[in-house]
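The chain contents come next:
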Amino acid sequence: MPTPTPDTAHMPSLVDKRVIRPAQTALALDLVNEMDLLRLKAIARVYARGLPPEVTWEDMLQEALTRVLVGSRLRPEGVPMVAFVAGILRSLRADYWRRAIRASGNHDTVRIDHENAESLEVVMSDPAPGPERALVALQELAAIRELFATDPTALQIIDGLGQGLSAEQIRRSTRLSKTDYESARKRMRRTLIREGLTCEPR
Amino acid sequence: MRTKVKTIASEVRLTRVLDAFAQELVDASDEEISAAATDLGMDLQKWSSAFAGVTYPSRPQLGDFFDLEALQARLPTDKKS
């Protein structure tokens, strides 16, 4: 007697095949809360500035959280989770540019989710940013200035930050009172959060 | 030589500004985030657009609406391959 074979093509699936995003997993594990995720979204959007269109903030954020979840990045004791993930996002950006410089010689595709011991290798290529990267940086700086165009104090602070000045040095060079400086920072923070919460892909 | 110094400076300047912005966002309070969301008309519920790209994809995907495996099973297969 022949063994009956099930018609697998029409059988309902026994398991839920929906893909759980790393952000959802991190939330379920109480590694972050909803507000933290929104902070991280805004931070990912900041660090994705100036990267090519195929490298989205969304991918960077999920990749950073994946590295936390799989344990490839271990959070040092006492470092808040948001600050820790922000650091990973920063290093993803730096890694991208490092690999882009190296790949520019052999035209490899550069991705953000390659994690290996590359960052420990000695890079022999020219570490100086090429003209393209410099142009992109200038365009991004212009876009940032545009974002704060109606706030001259914020623009002064941004100029100071770009020069690597401390808060005290910025206040001294711009002759801002502590209160005015803090008010401007608060306005800037509000603008950055608003910009970060919107749902455009980049 | 002058040009080179200038090009390096633009990237360094951008990185410094981005780092400062990221730090501001790390320090942002829950109240500031809620206020910004309210300004944008977001209610911060689970499926709020604020979470687009975070807990769900910012761009809808075909799989969000259709069971792709079931669809694939119903498509005629190429007998040559």
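Predicted model, so just to flag it, every value in this text is computed and none were measured.

Participant: Account for the overall build of chain B, with residues named and values stated.
Facilitator: When helices and strands are counted, chain B shows 4 helices and 0 strands. Reading chain B from its N end, one meets helices and strands in the order α-α-α-α. Out of the 81 residues in chain B, the part that is buried amounts to 26%.

Participant: Provide a residue-level description of the overall build of chain A, including the pertinent values.
Facilitator: When you go through chain A residue by residue, the secondary structure sums to 8 helices and 0 strands. Counting all 202 residues of chain A, 28% fall into the buried class. Long-range contacts, defined as pairs at least 24 residues apart, comprise 62% of the intrachain contacts of chain A with a sequence gap of at least 6.

Participant: Give a description of the packing of helix α2 (residues 34–47) of chain A against helix α3 (residues 57–69) of chain A that names residues and reports values.
Facilitator: Residue and element names in this part refer to chain A. Relative to each other, α2 and α3 sit at 120 degrees, their axes nearing to 8 Å. The orientation of α2 with respect to α3, classified from their angle, is oblique. As for the relative orientation of α2 and α3, their crossing is right-handed in sense. Of the residues in α3, those in contact with Leu40, Lys41, Ala44, Arg45 and Tyr47 of α2 are Trp57, Met60 and Leu61. Looking at the contact of α2 with α3, its residues break down into 6 nonpolar, no polar and 2 charged.

Participant: Tell me about the interface of chain B and chain A, residues and numbers included.
Facilitator: Taken together, the contact between chain B and chain A spans 35 residues of the former and 50 residues of the latter. The element best represented in the side of chain B that touches chain A is helix α1 (residues 2–27) of chain B, accounting for 15 residues. For the side of chain B that touches chain A, the residue count by class is 21 nonpolar, 6 polar and 8 charged.

Participant: Break down the environment of Val70(A) for me, with residues and values.
Facilitator: Residues and elements named next belong to chain A. Locating Val70 in the fold gives a position in the loop between α3 and α4 (81–106). Judged by the 10 C-beta atoms lying within 10 Å of it, Val70 falls in the exposed class. Sequence-wise, Val70 and Pro22 are 48 residues apart; in three dimensions their C-alpha atoms are separated by 10.0 Å.

Participant: Break down the domain arrangement of chain A for me, citing the residues and quoting the values.
Facilitator: Size of an interface, as often reported, equals the accessible area lost when the parts are brought together. Residues and elements named next belong to chain A. Domain assignment breaks chain A into domain 1 (21–114) and domain 2 (148–202). Relative to domain 2, the C-alpha centre of domain 1 lies at a distance of 24 Å. Between domain 1 and domain 2, the residue contacts involve 9 residues of the former and 7 residues of the latter. Listed by contribution, the elements that provide at least two residues to the side of domain 1 that touches domain 2 are α2 and α3. Counting residues per element, the side of domain 1 that touches domain 2 draws most heavily on α2, at 4 residues. Here the side of domain 1 that touches domain 2 is built from residues that sort into 5 nonpolar, 1 polar and 3 charged.

Participant: So what's going on with the nonpolar core? Which residues, and what values?
Facilitator: Residue and element names in this part refer to chain A. Ranked by internal contacts, the top residues of the largest apolar core, which has 54 residues, are Ile43, Met60 and Leu89. For this core, the element with the highest residue contribution is α2, accounting for 8 residues. Mapped onto the domain boundaries, this core takes at least three residues apiece from domain 1 (21–114) and domain 2 (148–202). Dropping the residues within four chain positions of it, Leu89 is found in contact with Ile43, Ala44, Tyr47, Met60 and Ala64.

Participant: I'd like a description of α2(A), backed by residues and values.
Facilitator: Residue and element names in this part refer to chain A. Given a rise of 1.5 Å per residue, 14 residues ought to cover 20 Å, and the 20 Å separating the end C-alpha atoms of α2 matches this to within 8%. Of all the 14 residues making up α2, 12 are buried; the element is thus mostly covered by neighbouring parts of the structure. Restricting attention to buried positions, one finds in α2 the residues Asp36, Leu37, Leu38, Arg39, Leu40, Lys41, Ala42, Ile43, Ala44, Arg45, Val46 and Tyr47.

Participant: Could you give an account of the confidence of the model for chain A, with specific residues and numbers?
Facilitator: The predicted model of chain A has a mean per-residue pLDDT of 85, with 77% of residues at 70 or higher. Taken as a whole, residues 117–126 of chain A scores under 50 in pLDDT and shows 6 contacts with residues more than four places along the chain or in a different chain.

Participant: Please provide a residue-by-residue account of the confidence of the model for chain B, values included.
Facilitator: In low-pLDDT regions, the fine details of the predicted coordinates are not to be read closely. All names here are of chain B. Considering every residue of chain B, the mean pLDDT works out to 80; 75% of them sit at 70 or more. Highest mean pLDDT in chain B belongs to helix α2 (residues 30–39) (93); lowest belongs to helix α3 (residues 62–65) (67). This prediction of the complex comes with two scores: 0.79 for pTM and 0.80 for ipTM.

Participant: Any chance you could break down α3(A) for me, citing the residues and the numbers?
Facilitator: Residue and element names in this part refer to chain A. For α3, with 13 residues, the first-to-last C-alpha span of 18 Å sits near the 18 Å given by 1.5 Å per residue. Among all positions of α3, only Trp57, Glu58, Met60, Leu61, Gln62, Glu63, Ala64, Leu65 and Val68 are buried. Positive phi shows up at Gly71, right after α3, with a value of about 85 degrees.

Participant: Account for the packing of helix α6 (residues 152–162) of chain A against helix α7 (residues 167–174) of chain A, with residues named and values stated.
Facilitator: Residue and element names in this part refer to chain A. Viewed as axis vectors pointing N to C, α6 and α7 meet at an angle of 130 degrees, and their least axial separation amounts to 10 Å. In terms of their interaxial angle, α6 and α7 are classed as oblique. Seen along the crossing, α6 lies across α7 with a hand that is right-handed. Across from Gln156, Ile157 and Gly160 in α6, the residues of α7 making contact are Gln169, Ile170, Ser173 and Thr174. Per-class residue counts for the contact of α6 with α7 are 2 nonpolar, 5 polar and no charged.

So, how was this worked out
Residues numbered from 1 in each chain as written. Chains lettered and ligands numbered in written order. Predicted model: local features only at pLDDT ≥ 70, side-chain atom pairs only at ≥ 80, totals over all residues. Helix = DSSP H or I, 4+ residues; strand = E, 2+ residues; numbered from the N terminus. Buried ≥ 20, exposed ≤ 12 C-beta atoms within 10 Å, placed from the backbone. Contact = placed C-beta atoms within 7 Å. Axes fitted to C-alpha atoms, helices over the stretch in contact; angles between N-to-C directions. Parallel < 35°, antiparallel > 145°, perpendicular 65-115°, else oblique. Left-handed = near helix turned anticlockwise from the far one by under 90°. Nonpolar A, V, L, I, M, F, W, Y, C, P; charged D, E, K, R; others polar. Domains from an automatic or database assignment. Core = buried A, V, L, I, M, F, W, Y, C linked by C-beta atoms within 7 Å. Expected span 1.5 Å × (residues − 1). pLDDT = per-residue confidence, 0-100.

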